[in-house]
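Chains, contacts and geometry: an overview
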Amino acid sequence: MSEIKKRLSSILESPTHNTEAKLQKICQLLDQEIPYFNWTGFYFKNGDKEELILGPYVGAETDHTVIPFGKGICGQVAVSNETFVVPDVHEQDNYLSCSIDTKAEIVVPIIKNGENIGQIDIDSHTLNPFTAEDREMLEWLCDEIAKII
């Protein structure tokens, strides 16, 4: 993971890319380097509205371009402001299905100045794939992203 963190830091510190391009490159890197990350993307708070809008992502197209707060795993994280790891999405009542292949999901909030401004959302086609190391790396990443947004 330390090698991936170094590469993520390099993307975040790049003076030649704007924030949108950096976020897209982060999605691509995570998707390429971690085999059980099958959809990697960002959602951001839509101004003053209680909803999230889809940002840069890598993976299958999704119909979930706008998610109301409280709906699905992403919507729940928008309210709780806490990382949510779902080992088996079929055991969640409030799950928004993006793909029939998705079996697990992790969502980590991006907190800036005490406010939840967005999140990284990762789906996996594998049951219970996410490790404590994945969670730590993604929480670190979201802290770093908050510094550039």
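Analysis parameters
Residues numbered from 1 in each chain as written. Predicted model: local features only at pLDDT ≥ 70, side-chain atom pairs only at ≥ 80, totals over all residues. Heavy atoms only, no water. Helix = DSSP H or I, 4+ residues; strand = E, 2+ residues; numbered from the N terminus. Expected span 1.5 Å × (residues − 1). Buried < 20%, exposed > 50% of the residue type's maximum accessible area, 1.4 Å probe, protein only. Contact = heavy atoms within 4.5 Å. Arc of directions from axis to C-beta. Axes fitted to C-alpha atoms, helices over the stretch in contact; angles between N-to-C directions. Parallel < 35°, antiparallel > 145°, perpendicular 65-115°, else oblique. Left-handed = near helix turned anticlockwise from the far one by under 90°. Nonpolar A, V, L, I, M, F, W, Y, C, P; charged D, E, K, R; others polar.

An unreviewed UniProt entry lists the protein chain under the name GAF domain-containing protein, with Kaistella yananensis as the source organism.

1. Things to note about helix α4 (residues 132–148)
In an α-helix there are 3.6 residues to a turn, and that puts residues three or four apart on one side. For α4, spanning 17 residues, the distance from its first C-alpha to its last is 25 Å, which sits close to the expected 24 Å at 1.5 Å a residue. Buried residues of α4: D134, M137, L138, W140, L141, C142, I145 and A146, and no others. Packed against the buried residues of α4 are α1 (2–13), α2 (19–33), β1 (39–45), β5 (104–112) and β6 (115–124).

2. Concerning α1
Its 12 residues give α1 an end-to-end C-alpha distance of 16 Å, which sits within 8% of 16 Å, the value for a rise of 1.5 Å per residue. Those residues of α1 that sit buried are I4, L8, S9, I11 and L12. Seen along its axis, α1 keeps its buried residues to an arc of 160 degrees; they face one direction. Facing away from the buried surface of α1 by more than 90 degrees, the exposed residues are S2, K6 and E13. Taken together, the buried residues of α1 touch α2 and α4.

3. Brief notes about the packing of α1 against α2
Running from N to C, α1 and α2 point in directions that differ by 165 degrees, and their axes come no closer than 9 Å. Taken together, the axis directions place α1 and α2 in an arrangement best described as roughly antiparallel. In the packing of α1 onto α2, the handedness of the crossing is right-handed. When α1 is examined against α2, the residues I4, R7, L8, I11, L12 and E13 are found in contact with a partner set consisting of K22, K25, I26, L29, L30 and E33. A class-by-class count of the residues in the contact of α1 with α2 yields 7 nonpolar, no polar and 5 charged.

4. Points about the environment of Y95
Looking at the element boundaries, Y95 is found in the loop between β4 (84–86) and β5. The sequence separation of Y95 and E105 amounts to 10 residues, and the corresponding C-alpha distance is 9.7 Å. What Y95 contacts, discounting residues up to four positions off in sequence, is G72, I73, V89, T102 and E105.

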